[in-house]
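If you want the building blocks of each chain, they are given just below.
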Amino acid sequence: MATFKDLEKTLQDNPALLGELLVNPAVALKKARIELTNKEDVRRLEGFLRLAQTQIKVSAGLVGLNTGKSDWGIGAGCCNGRSLTKLDWVIDPQR
Amino acid sequence: MPLFKISIMKDVTIYATNKCNIRCIHCGVGLDQDQYRYDLSTEQLKKVMYELASGGTKTITILGGEATIYRKDLAALLDFALENGLKIIINTNLLSYEAIEDLLDKPSLQAFVVSLDGASSDIHDRIRGEGTFEKTLRNIKKITENKRYKTGDILLQIAFVMNGINCQQTSKMLFLTSELKVRQLNIKNVRFVGRANLFNKLLEITSEDLLHAYTSLIINWLYFQCDIELQILITPAFAEFLNKAFGFCLPTSNYAACGGTSVFSYVDLLGNHLPCPAMSYEEKPNTGIATKDPKLNLLKNSISKTFNSNIFHDFELKRENRKYINQLIPCKYCKFNKQCQPCAANIINGEEYEEEIELCYAIYHHGDSYVKNIRENIWNNECQ
């Protein structure tokens with residue numbers, strides 16, 4: 001048994017868990033050995049994930065393509081010359 | 001014979017040595033990194049660089065093996081590059097800071113691409129060897145303290161090759177890259193050639209795990225607004241999948257997995273100039289593809305002569321001949337297949353066209369567990 005606070009602490013220690021939570025919450029919670037049984041905690045998690053999704057959509061709107069050389073090495077696959085970056089990076093290459 | 005738009009090759013990759021100080025299990029360069037196979041001499045490499053510069057090349061990436069250890073002439077080559085208006089990027093495992101210390105002040109040095117295959121030593125060392133994680137991290141930190149790095153005159157990029165051992169740490173690479181004050185992270189999938197083929201059971205990643213890893217990576221990158229550039233595959237199908245599953249749009253960063261010679265060309269260990277590394281001596285030592293056409297060798301020919309060889313023209317023709325995409329599943333059914341171009345290496349080598357994009361394949365088989373009917377939505381030609 002765990003609470004939403006336990007989940008928050010786990011996320012602080014392992015931020016990569018957020019991606020897992022948004023992709024597949026049930027599997028992510030199981031992997032993190034967190035079982036939320038309290039309805040209130042489940043609602044808090046739902047609210048948190050909804051907010052996270054909104055934030056992600058906003059961030060996605062700030063993403064641009066930086067057309068630069070994609071460095072490559074044998075055994076690592078090929079072969080394209082673009083990378084994702086935040087738009088202010090594209091505007092300000094000195095950063 | 002028509003000249004394609006490959007007449008000016010701004011970026012060229014040179015395979016400068018096969019010899020390496022470690023034995024990564026996912027290495028695709030062969031099985032004999034403990035001995036020199038063949039290296040161009042300093043003068044020969046300068047000749048190659050001179051030819052490339054004359055043809056309009058601006059950036060050269062040095063590959064190995066481990067060039068920082070086994071090419072003692074890197075400082076001289078960087079000086080030569082400066083005289084010829086070239087910038088140099090060096091791929092390295094960065095196990096030795098002493099080996100690169102003298103290179104840091106060279107104005108022609110543009111970047112190091114540093115291989116890091118895990119966010120912790122237990123994972124990284126399992127792939128690259130005991131103690132390598134700590135050494136590489138220590139040396140990355142030293143470079144980030146260098147004044148030329150702080151002013152942006154030298155760049156660092158971390159190259160992560162995703163496989164079955166490290167895929168669970170893909171998202172963690174974002175945080176490690178940020179923590180190290182590195183601005184670029186390059187993510188690619190393992191290819192089962194060379195040594196990687198021997199260890200394929202360990203390195204195999206299920207398509208379900210692959211999709212999960214890429215999706216979580218994008219989600220984390222966006223949510224935490226990680227201040228790093230991501231060099232990653234975003235095919236039209238993956239962009240559509242993300243849109244339908246999570247409600248956001250990303251620009252497609254790889255509608256052509258095979259960028260062909262519009263992205264870069266390649267010089268192998270013998271000095272042969274080739275459109276694709278898959279045609280090289282390193283990957284196909286027994287077929288002699290590169291040695292069949294003497295016009296390819298930059299030690300004996302000008303760069304324009306190599307561009308006008310049959311191999312370059314044949315490569316671009318085959319790459320642009322879109323009928324091959326219809327041999328692939330799921331590409332043949334994909335609603336985006338007119339704008340996509342998977343790897344053409346096998347076709348060039350006279351084999352079946354089989355290198356479908358793994359990420360798309362993963363969405364095709366597992367995407368419906370994220371969002372209903374995504375398979376029908378993207379691969380809508382399947383029933384026709």
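Model, not experiment: these values are computed from the prediction. (Residues numbered from 1 in each chain as written. Chains lettered and ligands numbered in written order. Predicted model: local features only at pLDDT ≥ 70, side-chain atom pairs only at ≥ 80, totals over all residues. Heavy atoms only, no water.)

### Comments concerning the overall build of chain B
1) Next: For chain B, the helix and strand inventory stands at 18 helices and nine strands.
2) Next: Counting all 384 residues of chain B, 61% fall into the buried class.
3) Next: Put simply, 69% of the contacts in chain B that link residues at least 6 apart link residues at least 24 apart.
4) Next: When the accessible surface of chain B is summed, it comes to about 15,100 Å², and 48% of that surface belongs to carbon and sulfur atoms. (Helix = DSSP H or I, 4+ residues; strand = E, 2+ residues; numbered from the N terminus. Buried < 20%, exposed > 50% of the residue type's maximum accessible area, 1.4 Å probe, protein only. Contact = heavy atoms within 4.5 Å. Areas by Shrake-Rupley, 256 points an atom, 1.4 Å probe, with all protein chains shown as cover.)

### Quick notes on the pattern of salt bridges
Two side chains carrying opposite charge are able to pair once their charged atoms lie near each other.
Residue and element names in this part refer to chain B.
1) Next: In this structure the tally under the stated criterion is 10 salt bridges over all chains.
2) Next: Ionic pairing is found between Asp 73 and Arg 71, a salt bridge with its closest N-O pair at 2.8 Å.
3) Next: On the basis of relative accessible area, Arg 71 is assigned to the buried category, the value being 7%.
4) Next: Among the ionic pairs, Glu 240 bridges to Lys 335, the shortest N-O distance being 3.1 Å. Taken together, the residues Glu 240 in helix α12 (residues 236-246) and Lys 335 in the loop between α15 (310-320) and α16 (345-348) connect sequence positions 95 residues apart.
5) Next: Overall, Lys 335 belongs to the partly exposed group, its relative accessible area being 35%. (Salt bridge = Lys/Arg side-chain N within 4 Å of Asp/Glu carboxyl O.)

### A closer look at the confidence of the model for chain A
All names here are of chain A.
1) Next: Of all residues in chain A, 71% attain a pLDDT of 70 or more, and the chain-wide mean is 75.
2) Next: Ranking the helices and strands of chain A by mean pLDDT puts helix α4 (residues 39-60) first, with 90, and helix α5 (residues 87-91) last, with 50.
3) Next: Across residues 69-78, confidence stays below pLDDT 50; counting only partners more than four residues off in sequence or on other chains, it has 49 contacts.
4) Next: Confidence over residues 89-95 falls short of pLDDT 50; this stretch has nine contacts with residues more than four positions distant or in other chains. (pLDDT = per-residue confidence, 0-100.)

### So, helix α5 (residues 121-128) of chain B
Residue and element names in this part refer to chain B.
1) Next: Of all the residues in α5, the buried ones are Ile 123, His 124, Asp 125, Ile 127 and Arg 128.
2) Next: Taken together, the buried residues of α5 touch β4 (109-115) and α6 (132-144).
3) Next: A positive backbone phi angle near 120 degrees is found at Gly 129, which sits one or two residues after α5.

### Notes on the packing of aromatic side chains
All names here are of chain B.
1) Next: A complete count under the given rule lists nine aromatic pairs over all chains for this structure.
2) Next: Between Phe 307 and Phe 312 the ring centres are 5.3 Å apart and the planes differ by 85 degrees, which places this aromatic pair in the edge-to-face class. Judged on exposure class, the residue Phe 307 and its partner Phe 312 are both buried.
3) Next: Among the aromatic side chains, those forming a connected cluster through ring pairs are Tyr 214, Phe 238, Phe 241 and Tyr 370.
4) Next: Here Arg 375 stacks its cationic end above the ring of Tyr 364, 3.9 Å away from the centre of that ring. (Phe/Tyr/Trp six-rings, centres within 6.5 Å; stacked < 30°, edge-to-face > 60°. Lys NZ or Arg CZ within 6 Å of the ring centre and 35° of its normal.)

### With respect to the packing of α5 of chain B against α6 of chain B
Residue and element names in this part refer to chain B.
1) Next: Their axes nearest at 8 Å, the elements α5 and α6 cross at an angle of 105 degrees. The angle between α5 and α6 places the two elements in the roughly perpendicular class. Residues Ser 121, His 124, Asp 125 and Arg 128 of α5 form the contact with α6, whose participating residues are Thr 132, Phe 133 and Glu 134.
2) Next: Among the residues forming the contact of α5 with α6, the class breakdown is one nonpolar, three polar and three charged. (Axes fitted to C-alpha atoms, helices over the stretch in contact; angles between N-to-C directions. Parallel < 35°, antiparallel > 145°, perpendicular 65-115°, else oblique. Nonpolar A, V, L, I, M, F, W, Y, C, P; charged D, E, K, R; others polar.)

### Description of a negative patch on the surface
1) Next: On the surface, Glu 98, Glu 101, Asp 102 and Asp 105 of chain B cluster together into a negatively charged patch.
2) Next: Tracing the sequence through the fold places Asp 102 of chain B in the loop between α4 (98-101) and β4. (Patch = residues over 30% accessible without salt bridge, like charges linked within 9 Å, V, L, I, M, F, W, Y side chains within 5 Å. Lys, Arg positive; Asp, Glu negative; His and termini not counted. Charge placed at Lys NZ, Arg CZ, Asp CG, Glu CD.)

### Re unusual backbone geometry
Residues and elements named next belong to chain B.
1) Next: Residues Gly 64 and Gly 65 are joined by a peptide bond in cis, for which omega reads 25 degrees.
2) Next: Checked against the element boundaries, Gly 65 lands in the loop between β2 (59-63) and α2 (67-70).
3) Next: At Lys 181, a residue that is not glycine, the phi angle is positive and equals roughly 65 degrees.
4) Next: Exposure remark for Lys 181: the relative accessible area of 53% places this residue in the exposed category.

### Remarks on the nonpolar core
1) Next: Core analysis: the biggest nonpolar cluster contains 128 residues, and Ile 218, Leu 230, Phe 238, Phe 248 and Leu 250 of chain B have the highest contact counts within it.
2) Next: With 10 residues, helix α11 (residues 207-223) of chain B is the largest single contributor of residues to this core. (Core = buried A, V, L, I, M, F, W, Y, C linked by side-chain atoms within 4.5 Å.)

### Some points on the environment of Asn 326 of chain B
All names here are of chain B.
1) Next: Counting through the fold element by element, Asn 326 comes out in the loop between α15 and α16.
2) Next: Classification of Asn 326 by relative accessible area gives partly exposed; the value is 40%.
3) Next: Spatially, the C-alpha atom of Asn 326 lies 31 Å from that of Leu 198, the residues being 128 residues apart in sequence.

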